[in-house]
Amino acid sequence: MKLHRKTGLRATALGALAVSGALVLTACGSDDNTSPEGDRKTAAASNIDCGEAKGQLLAAGSTAQKNAMDLWVKNFQAACEGVEVNYQAIGSGGGITKFNQGQVAFAGSDSALKEDEVTESQKICKGGKGINLPMVGGPVAIGYKLDGVDGLVLDAPTIAKIFDSKITKWNDPAIAKLNPGVKLPDTTIQAFHRSDESGTTQNLGKYLRGRPRRLEARPEDEVVARPGGQAANGSSGVATAVKDTNGAIGYFELSYATANNISTVKVNTGAAQPVEATTENASKAIAAAKVKGTGNDLALSLDYATKAEGAYPIILVTYEIACDKGNKAETLPTLKAFLNYTASEEGQKVLSGAGYAPLPAEIATKVREIVPTLS
């Protein structure tokens, strides 16, 4: 299935996030303030500097970061009386559209703004432009359901062939070679990909392109949206389909695998041992990111081809996109206070254990320096 959005697909990925302990924030809507997680939220909220924040702040975009936003918004609103932050998890493409139409103060996107989108933002950011501020990272898990099989190992060429419908059985020799001693059934593979505009798809596509086996020339967005596969809406839709279908495989943020108790693939990267999808392992890969943006733009270049020991290579980083200059006067104080919090040590700390990888210290420091300069 071919996906379109102007010059390519844009980001999304939405979440059903299992927060540590017994708390499942968005799945249940519950909040156990007596739990360690609840204590951490209370402590975090007490350390938030509200500045001159007031009124309502509208934002939209990436569903990959929705559950991180849920945590941040809860803490920020608890600390800042009378302030409401309304984040719509509609996908990165939708968020960028709303931002460039002046409907929201900031957008979340799993991919940095493209050149034409930066140009378009100048109409809204009077005297400035939209910039990319990295705020949250994490692993894209390859989830599967195959009765009787645990600890499955795959590599990039095999994953690509599965989503390309070139490998159609779970006992295919290519899969068997990566899993010696494992009894693989003659079950048909049911590969699920995203039907909507998806940064998760795009980042997985970049990983598949970055490996030694080069895929044919096509946008990263289409690498895992192949004819013959099955489509589902959002990460939650793909996760549900995988959970309910024996023989299924799909991709989504780690939080969905955790929340739905879905087994995840270990990736053979060429390192000594296959690498599991964990926030710690994703952090090792994200730590190698380099800033490719200029000035106050912190767009990152990620190393999807890493062979570092314990570094999980299928990663994404979500950006908050805001005007460097020309923000609306009525929302600017709240925008700065909120982003100051999300980029702060306290804001990043609440991500650990929640299926997300906090920003590397060097990048987080740069974000903290830029946010106060927004005007």
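What you are looking at is a predicted structure, and each value in this text was computed from that prediction instead of being measured. Numbering of residues starts from 1 in each chain and follows the order in which that chain's sequence is written. Residue-level local features of this predicted model are given only where pLDDT is at least 70; pairs of side-chain atoms are given and counted only at 80 or more, and the full residue set underlies all totals for whole chains, interfaces and linings. As a rule here, side-chain values come from all non-hydrogen atoms in the structure, and water together with hydrogens is ignored.

A.B. asks: Is there a simple way to think about the packing of aromatic side chains in this case?
C.D. replies: Aromatic ring pairs are described here by two measures, namely the spacing of the ring centres and the angle between the planes. Any Phe, Tyr or Trp ring, taking Trp's six-membered ring, that has another such ring centre within 6.5 Å forms a pair; planes under 30 degrees apart are called stacked, those over 60 apart edge-to-face, and the others tilted. Counting across every chain of the model gives 4 aromatic pairs. On the basis of an interplanar angle of 45° and a centroid distance of 6.5 Å, the ring pair of Tyr144 and Trp170 is categorised as tilted. Residue Tyr144 is found in strand E4 (residues 130–145), and its partner Trp170 is found in the loop between helix H6 (156–163) and helix H7 (173–178); the two are separated by 26 residues along the sequence. Taken together, the ring pairs in this structure connect Phe76, Phe106 and Phe338 into an aromatic cluster. Only DSSP runs of H or I covering at least 4 residues are called helices, and only runs of E covering at least 2 are called strands; the numbering of each starts at the N terminus.

A.B. asks: Please clarify how the state of the cysteines should be interpreted in this entry.
C.D. replies: A covalent bond bridging the sulfur atoms of two cysteines is what the word disulfide describes. Criterion for a disulfide: a pair of cysteine sulfur atoms within 2.5 Å. Enumeration over the complete set of coordinates arrives at 2 disulfides. Sulfur-sulfur distance for the disulfide between Cys50 and Cys80 comes to 2.0 Å. Negative torsions about the S-S bond denote left-handed disulfides, and the value of about -95° found for Cys50 with Cys80 makes this one left-handed. Here the residue Cys50 occupies a position in the loop between helix H2 (36–46) and strand E1 (55–61), and Cys80 occupies one in the loop between helix H3 (66–79) and strand E2 (83–89), the gap between them amounting to 30 residues. When the cysteines of the chain that form disulfides are numbered from the N-terminus onward, they connect as 1-2, 3-4.

A.B. asks: Please clarify how the pattern of salt bridges should be interpreted in this entry.
C.D. replies: A side chain of one charge can pair with a side chain of the opposite charge if their charged atoms are brought near each other. Counted as salt bridges are all cases of a side-chain nitrogen of Lys or Arg within 4 Å of a carboxyl oxygen of Asp or Glu. Tallied over the full model, the rule gives 4 salt bridges. Linking Asp70 and Lys66 is a salt bridge whose minimum nitrogen-to-oxygen distance equals 2.9 Å. Pair noted here: Asp70 and Lys66 are both in helix H3, with a separation of 4 residues, about one helical turn. Its relative accessible area of 23% is what places Asp70 among the partly exposed residues. In this structure, Lys166 and Asp164 form a salt bridge, with 3.1 Å as the shortest nitrogen-oxygen distance. Think of it in three bands: with a 1.4 Å probe and only protein chains considered, a residue is buried below 20% of the maximum accessible area for its type, exposed above 50%, and partly exposed in between.

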